[in-house]
Amino acid sequence: MKKLLIQLSVLFVVVLLAACGNDEESQGSDGGEEEVSLTLWHHFSGEDTRSQTMRDLMKDFEEENPNVKLDIQAIPRDGYQTRLKTVAAADEMPDVFVMWPGTMTEEFQNGGLLQPINEFLDSKPEWKDEFLPGSFDGFTVDGNIYSVPTGLSPTSFLYYNSKLFEDNGVEVPQTWDQLLAAIDTFNQNDITPIALGNKAGWPAQSSVLSSLADRVTGSEWFLEAASLEGDAKFTDDVFVTALEHFQHLAEVNAFQEGFNSIDHTQAEQMFAREEAAMLIDGGWALTELANSASEEVLENLEVTVLPEIEGGEGKPNAISGVVAVGFGIAKGIEGEQKEAAQELMYKLAGPEAQQATVNSSQLVSYRVQPDEEKVTSLFIKVNELLDTVEMSPVYDGVLTSAGTDAINNGLQELLMGEDPKVVAEKLQQGQEKGMQE
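## So, the overall build of the protein chain
- From N to C terminus, the protein chain includes 20 helices and 13 strands.
- When the backbone C-alpha atoms are referred to their principal axes, the protein chain occupies close to 110 × 50 × 40 Å.
- Across the 437 residues in the protein chain, those meeting the buried criterion constitute 52%.
- At a minimum sequence separation of 6, the contacts of the protein chain that also span at least 24 residues come to 77%.

This is the structure in structure tokens:
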């Protein structure tokens, strides 16, 4: 009898321990919430201040949420979109990922790859209501919102080094002819006029053509041509003229040799080292310039818009721009995984993140003021300039993926001597193909 009692006691202890073990497994290894895994893709892989800020926010999230395990892939900016579109085509999306407003959002939504965040946004009105008007437009399809912007992206500022201008007797160009004269003077003095890093194709399109062509054609013409619903076509003389203006910049040696073989970050660093007098680039350049330029050089940097083109249809003070990237959530995830993904989005784009982002010298479409002790003087100048300009469309924010690929590749060829009419025809064909897909 005693032996039987001992056996029963041992059995009871074993069962009790097993039950406790199963309970711990259901709660997670630390006895807390159940463990959740998320894959996260982003392009904040550089050493600029914004990228460092975003990675710090991701690290903070992991520390604050030990039950959420992030599998993070940091992919360099120039290769990111290609990688993301490849997995999208195979319907193998990461759980949370950086995506662009406009065309990408529409195409991913049409492909059934995204889930809306309307209810989550509405549950945090103190967050939603502080975004500037129109901030969600590029992430909205059929009334559903799929992301929120992590910044604001004017794409075509004309940054210039005031010291190099003064030392060489060059005035800040207000007209296209004055820009050409400035280019000639800098070339005569063995100074690269404009730094350009067009290895990936998009900088020439987003940062230069989007504003340059708008000066010539006006925004209405471009939107009509991109829609394929009116009479405007990219083969029209007015667009060919815009391409000729761009090609002429290459013909007069406005850019350094090998501009199609270096990336935009290398061009920004070149400008930061005072190896070029000008840089036509987006608001994102501010973070790299803050990281790469010395304090002395930063004090010499100024900003304006591309000069007016005589006889053009566009507004002379407009600058191409869109809200910046946001984080999308894959359609397939549900339950606690979905809740964790939403909280990750909030961590990376919520009020705390918007403040940290603007303090890293990145413009935002959120009502928050930068700490002037943390941002550069150039950032303050850009912020003030934005109050005086209007926004015009960015080409890759409106064109289909096929149209964007056609113009990106076409501009690389254009700057190497291709016939502008051929480039225009390729864009027309690419956009037509994209609209049929």
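Still more to cover.
## Here's the deal with the pattern of salt bridges
- Within the structure shown, the criterion is met by 9 salt bridges.
- The salt bridge partner of Lys347 is Glu352, with a shortest N-O separation of 3.1 Å.
- Accessibility expressed as a relative area gives 8% for Lys347, which makes it buried.
- On the basis of relative accessible area, Glu352 is assigned to the partly exposed category, the value being 48%.
- Through salt bridges with shared partners, a single network forms among Glu64, Lys347 and Glu352.

## Quick notes on the nonpolar core
- Of all hydrophobic cores here, the largest spans 83 residues; its most connected members are Leu84, Met93, Phe97, Phe108, Phe157, Tyr159 and Phe327.
- Looking at this core, the element that brings in the most residues is helix H15 (residues 335–349), giving 6 residues.
- The next biggest cluster of nonpolar side chains, apart from the first, holds 49 residues, and it includes Val170, Trp221, Ala250 and Leu415.

## Points about the packing of H15 against helix H16 (residues 351–359)
- Packing of H15 against H16 brings their axes to within 5 Å, and their N-to-C directions diverge by 35°. Every residue of H16 that contacts H15 at Tyr346, Lys347, Leu348 and Ala349 is listed here: Pro351, Glu352, Ala353 and Gln354.
- A per-class count over the contact of H15 with H16 returns 5 nonpolar, 1 polar and 2 charged.

## Some points on the sheet that holds strand E6 (residues 152–154)
- The 3 strands are arranged E6-E11-E13 in an open sheet whose pairing can be described as mixed. Only two strands of the sheet have a single neighbouring strand rather than two, namely E6 and strand E13 (390–392). In this sheet, neighbouring strand axes are inclined to one another by 50° on average, regardless of whether the strands run parallel or antiparallel.
- Across the sheet, helix H9 (residues 202–217) lies against strand E11 (318–323) and E13, angled at about 130° from E11, the strand it touches most.

## Looking at the packing of aromatic side chains
- In the structure shown here, the tally under the stated rule is 19 aromatic pairs.
- Seen in terms of ring centroids, Phe120 and Trp127 are 6.2 Å apart; in terms of plane orientation they differ by 75°. Their pairing is edge-to-face. Accessibility assignment for this pair places Phe120 and Trp127 in one class, buried.
- With a centroid separation of 5.7 Å and 85° between ring planes, the pair formed by Trp221 and Phe234 is classed as edge-to-face.

## As for the side chain of Gln431
- Among the structural elements, Gln431 can be located in helix H20 (residues 420–436).
- A relative accessible area of 1% means that Gln431 is categorised as buried.
- Those residues in contact with Gln431 that lie beyond four places of it in its chain are Ala226, Leu228, Phe234, Leu399, Thr400 and Gly403.

## Here we look at the environment of Glu268
- Assignment of secondary structure puts Glu268 in helix H12 (residues 264–272).
- On the accessibility criterion, Glu268 (2% relative accessible area) is buried.
- Sequence-wise, Glu268 and Ala285 are 17 residues apart; in three dimensions their C-alpha atoms are separated by 6.7 Å.
- Glu268 has contacts with Leu279, Asp281, Trp284, Ala285, Glu288 and Leu289, leaving out every residue within four places of it along the chain.

## Thoughts on helix H4 (residues 103–110)
- Every buried residue of H4 is listed here: Thr103, Met104, Thr105 and Phe108.
- Residues of H4 that are buried sit in contact with helix H3 (77–89), strand E3 (96–99), strand E4 (140–141), helix H18 (395–398) and helix H19 (401–414).
- Positive phi appears at Gly112, one or two residues downstream of H4, with a value of about 70°.

## Brief notes about the packing of helix H2 (residues 49–64) against helix H13 (residues 285–292)
- Running from N to C, H2 and H13 cross one another at 100°; their axes reach a closest spacing of 7 Å. The angle between the axes of H2 and H13 places the two elements in the roughly perpendicular class. Of H13, the residues touching H2 (which contributes Thr49, Arg50 and Gln52) are Thr287, Ala290 and Asn291.

## Description of the sheet that holds strand E9 (residues 276–281)
- Spatial strand order, E8-E9-E7-E10: 4 strands in an open sheet with mixed pairing. The strands lining the two open edges of the sheet, one partner per strand, are strand E8 (192–195) and strand E10 (301–305). Direction aside, the axes of adjacent strands within the sheet are offset by 25° on average.
- When strand E7 (residues 157–161) meets E9, the two strands line up antiparallel, connected through 4 bridges. The residue of E9 that forms the bridge with Tyr159 is Leu279.
- In this fold H12 packs onto E7, E8, E9 and E10, with an angle of close to 145° to the strand it touches most, E9.

Analysis parameters
Residues numbered from 1 in each chain as written. Predicted model: local features only at pLDDT ≥ 70, side-chain atom pairs only at ≥ 80, totals over all residues. Heavy atoms only, no water. Helix = DSSP H or I, 4+ residues; strand = E, 2+ residues; numbered from the N terminus. Buried < 20%, exposed > 50% of the residue type's maximum accessible area, 1.4 Å probe, protein only. Contact = heavy atoms within 4.5 Å. Salt bridge = Lys/Arg side-chain N within 4 Å of Asp/Glu carboxyl O. Core = buried A, V, L, I, M, F, W, Y, C linked by side-chain atoms within 4.5 Å. Axes fitted to C-alpha atoms, helices over the stretch in contact; angles between N-to-C directions. Nonpolar A, V, L, I, M, F, W, Y, C, P; charged D, E, K, R; others polar. Pairing = 2+ DSSP bridges. Phe/Tyr/Trp six-rings, centres within 6.5 Å; stacked < 30°, edge-to-face > 60°. Parallel < 35°, antiparallel > 145°, perpendicular 65-115°, else oblique.

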